[in-house]
Amino acid sequence: MNDNKFKITVKLSGESLALVVDREEEIIYRRAEQLLNEEFLYLAHRHKDVSRETLFTMLAYEVMVSYERGSRDNDRQEVANRLKALTNKIDDALKSTQKNNSDAKRHSKNTKP
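Residues numbered from 1 in each chain as written. Predicted model: local features only at pLDDT ≥ 70, side-chain atom pairs only at ≥ 80, totals over all residues. Heavy atoms only, no water.

(A) Just the layout of surface pockets, in detail. The space that makes up the largest pocket amounts to roughly 210 Å³. Forming the walls of the largest pocket are Ile28, Arg31, Ala32, Leu35, Leu36, Glu39, Leu59, Glu62, Val63, Ser66 and Tyr67. Taken together, the elements giving at least two residues each to the lining of the largest pocket come down to helix 1 (26–46) and helix 2 (52–111). Broken down by element, the lining of the largest pocket gets its largest block of residues, 6 residues, from helix 1. When grouped by side-chain class, the residues that make up the lining of the largest pocket number 7 nonpolar, 1 polar and 3 charged. (1 Å grid on protein atoms, 1.4 Å probe; cavity = no way out; pocket = protein on both sides within 12 Å on 5 of 7 lines; lining within 4 Å. Points joined across faces, edges and corners; volume = space filled by probe spheres on them. Helix = DSSP H or I, 4+ residues; strand = E, 2+ residues; numbered from the N terminus. Nonpolar A, V, L, I, M, F, W, Y, C, P; charged D, E, K, R; others polar.)

(B) Seen up close, the pattern of salt bridges. Enumeration according to the criterion identifies 4 salt bridges in this entry. The shortest N-O distance in the salt bridge between Asp22 and Lys5 comes to 3.0 Å. Of this pair, Asp22 sits in strand 2 (residues 15–22) while Lys5 sits in strand 1 (residues 5–12), and the two are 17 residues apart along the sequence. The partner of Arg30 in a salt bridge is Glu26, and the shortest N-O contact between them spans 3.2 Å. With Arg30 and Glu26 both in helix 1 and 4 residues apart, the pair spans about one turn of that helix. Here the salt bridges do not stand alone but share partners, grouping Glu26, Arg30 and Glu33 into one network. (Salt bridge = Lys/Arg side-chain N within 4 Å of Asp/Glu carboxyl O.)

So this is what it looks like as structure tokens:
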């Protein structure tokens, strides 16, 4: 096994799951374990008459909705970044054009008899 990889065991709603993860990502897996267990308990408390399988289905669906929301936010941020870069290029081009026009006017004043 790679030196950067190691085995961890996470418990998801009482079920143990053995994983091999990158050392620097262990905290992500541990946090995900905690969040999943908290949300599972919340759903189980709210829906006492629902099977464990249905609770996991509900949880999976909620995770995917959150993922999609995050993807949309990332897409928006990417568009905003591209617009900002484009705006900066336009501003630079306008400044350059204004400078060139100003230089040309000065030059024409200096060359008139």
